[in-house]
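Below are the chains, spelled out letter by letter.
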Amino acid sequence: MESACDVVRSFLERMEARDWDGAAELLSDTVHIEYTETCEQFDGDNFLAMNRAYPDGWTIEVVETLADDDRVAAQVRVQHGEVTYWCAGFYRVANGVIQSGVEHWVTEGSQTPPVWRQQFAS
């Protein structure tokens, strides 16, 4: 049986390969994923359907995965044209499939740092 980290990494790699059937095999039928940035929630097949409908031209790079038993954290870089997105995802894996997750998305360089922090940045 694959480790929880392997399950999450395999899921993301299958998404990168547009192997939608293979990705679906690694999601529970009742998977629940939350996007904190937009307050969206996706259940079951809708999570994969939403990703499949996303305009093509993106690449996924799994930068790092860390696990504590059935809990997995993943740092993911997504490139779509000139725009770079980062996702910090936190997932719960059981019985070899992703049961739930929370994803925190940001767009690289989309915010100007506050002036008070300039003295500390390199």
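Everything discussed here concerns the structure shown above.
Every value quoted in this text rests on a predicted model; they were computed, and no experiment measured them.

Undergrad: Please explain the overall build of the protein as it appears in this structure.
TA: Looking only at helices and strands, the protein features three helices and six strands. Starting at the N terminus and ending at the C terminus, the protein contains elements arranged as α-α-β-β-α-β-β-β-β. The principal-axis extent of the C-alpha atoms belonging to the protein is close to 50 × 35 × 25 Å. By the burial criterion, 34% of the 122 residues in the protein qualify as buried. Excluding contacts between residues fewer than 6 apart, the proportion of contacts in the protein whose partners are at least 24 apart in sequence is 43%. By element, 49% of the accessible surface of the protein is carried by carbon and sulfur atoms, the whole surface being about 7,700 Å². Charge separation in the protein, taken as the distance between the mean sites of 8 positive and 22 negative side-chain charges, equals 4 Å.

Undergrad: Would you mind going over the side chain of Ser28 with me for this structure?
TA: Structurally, Ser28 can be placed in strand β1 (residues 27–35). Judged by relative accessible area, which is 12%, Ser28 ranks as buried. At 3.1 Å, the side chain of Ser28 forms a polar contact with the backbone nitrogen of Thr30. Within polar-contact distance, the side chain of Ser28 engages the side chain of Gln99 at 3.4 Å. Aside from chain neighbours lying at most four places away, what touches Ser28 is Val97, Ile98 and Gln99.

Rules used throughout
- Residues numbered from 1 in each chain as written.
- Predicted model: local features only at pLDDT ≥ 70, side-chain atom pairs only at ≥ 80, totals over all residues.
- Heavy atoms only, no water.
- Helix = DSSP H or I, 4+ residues; strand = E, 2+ residues; numbered from the N terminus.
- Buried < 20%, exposed > 50% of the residue type's maximum accessible area, 1.4 Å probe, protein only.
- Contact = heavy atoms within 4.5 Å.
- Areas by Shrake-Rupley, 256 points an atom, 1.4 Å probe, with all protein chains shown as cover.
- Lys, Arg positive; Asp, Glu negative; His and termini not counted.
- Charge placed at Lys NZ, Arg CZ, Asp CG, Glu CD.
- Polar contact = N/O pair within 3.5 Å; in protein donor to acceptor, adjacent residues only side chain to side chain.

What is shown is where atoms sit, not what they do.
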